Amino acid sequence: MTSHQSTQTMKPATAAKKLGVYLEATPAEFQEGVVSRTELNALQADPPQWLQDLRRNGPHPRPVVAAKLGISISGLARGGVTEPLTTEQIDALKKDSPEWLQKERATQAEVRKEAARIKEKNAARGE
């Protein structure tokens, strides 16, 4: 009895998420097909020009926007940002630094500080 390996594929939405790009901004052939694990690895290892441009200029999906702004995805929603943003729009937001963004960054800093405190506490308990 011989075993054969089936090709592992994923939906374009899953591949876009793994690549960190906004699906609707990708080329039509990417959106309409399926992506194999091999193709995904090839895209990550040697990104084509369209992928490089999307990663550099956007539009970016919410997780990427939140990371670039240094806040949570929930913080984006609280700030009223529901659409994907380009790098230019993100830079403008950083420059303008509206009150909601300052507040969300402070909240995120507190969350990180608390997570570090808990990690240290657990590490000390483990010794």
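Residues numbered from 1 in each chain as written. Predicted model: local features only at pLDDT ≥ 70, side-chain atom pairs only at ≥ 80, totals over all residues. Heavy atoms only, no water.

Caption draft 1: Summary view of the overall build of the chain. The secondary structure content of the chain amounts to eight helices and two strands. Along the chain, helices (α) and strands (β) appear in the sequence β-α-α-β-α-α-α-α-α-α when read from the amino end. In summary, the chain has a C-alpha radius of gyration of 19 Å against a globular reference of 14 Å for 127 residues, an excess of more than 25%. Counting over 127 residues, the chain shows a buried share of 26%. Total accessible area computed for the chain in this model is approximately 8,900 Å², and 51% of it derives from carbon and sulfur atoms. Side chains of the chain give 19 positive and 16 negative charges; the mean places of these two sets differ by 8 Å. (Helix = DSSP H or I, 4+ residues; strand = E, 2+ residues; numbered from the N terminus. Rg over C-alpha atoms; globule rule 2.2 N^0.38 Å. Buried < 20%, exposed > 50% of the residue type's maximum accessible area, 1.4 Å probe, protein only. Areas by Shrake-Rupley, 256 points an atom, 1.4 Å probe, with all protein chains shown as cover. Lys, Arg positive; Asp, Glu negative; His and termini not counted. Charge placed at Lys NZ, Arg CZ, Asp CG, Glu CD.)

Caption draft 2: Up close: the packing of helix 1 (residues 12-19) against helix 3 (residues 37-45). Helix 3 packs onto helix 1 with a crossing angle of 30° between their chain directions and a minimal axis gap of 11 Å. Taken together, the axes of helix 1 and helix 3 are roughly parallel relative to one another. For the pair helix 1 and helix 3, the sense of crossing is right-handed. Residues Ala15, Lys18 and Leu19 of helix 1 touch helix 3, and the partners they reach there are Arg37, Leu40, Leu43 and Gln44. A breakdown of the residues in the contact of helix 1 with helix 3 according to their chemical character gives four nonpolar, one polar and two charged. (Axes fitted to C-alpha atoms, helices over the stretch in contact; angles between N-to-C directions. Parallel < 35°, antiparallel > 145°, perpendicular 65-115°, else oblique. Left-handed = near helix turned anticlockwise from the far one by under 90°. Contact = heavy atoms within 4.5 Å. Nonpolar A, V, L, I, M, F, W, Y, C, P; charged D, E, K, R; others polar.)

Caption draft 3: Representation of the nonpolar core in the model. With eleven residues, the main nonpolar core is built from Met10, Ala15, Ala16, Leu19, Val21, Phe30, Val35, Leu40, Leu43, Leu51 and Leu54. Contributions of two or more residues to this core are made by helix 1, helix 3 and helix 4 (49-57). Top contributing element to this core by residue count: helix 1, with three residues. Counting ten residues, the second largest nonpolar core, distinct from the first, contains Val65, Ile71, Leu85 and Leu101. (Core = buried A, V, L, I, M, F, W, Y, C linked by side-chain atoms within 4.5 Å.)

Caption draft 4: How the structure looks around the packing of helix 5 (residues 62-69) against helix 7 (residues 87-96). Two numbers describe how helix 5 lies on helix 7: the axes approach to 10 Å, and their chain directions differ by 35°. For the crossing formed where helix 5 meets helix 7, the hand is right-handed. Between helix 5, through Val65, Lys68 and Leu69, and helix 7, the contact on the second element is made entirely by Ile90, Leu93 and Lys94. For the contact of helix 5 with helix 7, the residue count by class is four nonpolar, no polar and two charged.

Caption draft 5: How the structure looks around the pattern of salt bridges. Taken as a whole and judged by the stated rule, the model has four salt bridges. Between Lys113 and Glu110 there is a salt bridge, and its shortest N-O distance comes to 3.5 Å. Placement of both Lys113 and Glu110 in helix 8 (residues 99-126) is noted, with a separation of three residues, approximately one turn of the helix. The exposure class assigned to Glu110 is partly exposed, which follows from its relative accessible area of 47%. Arg117 is paired through a salt bridge with Glu114; the nearest N and O atoms lie 2.6 Å apart. In this pair, Arg117 and Glu114 are both assigned in helix 8, three residues apart and thus about one turn of the helix distant. Residue classification places Arg117 among the partly exposed residues on the basis of a relative accessible area of 42%. The exposure class assigned to Glu114 is partly exposed, which follows from its relative accessible area of 35%. (Salt bridge = Lys/Arg side-chain N within 4 Å of Asp/Glu carboxyl O.)

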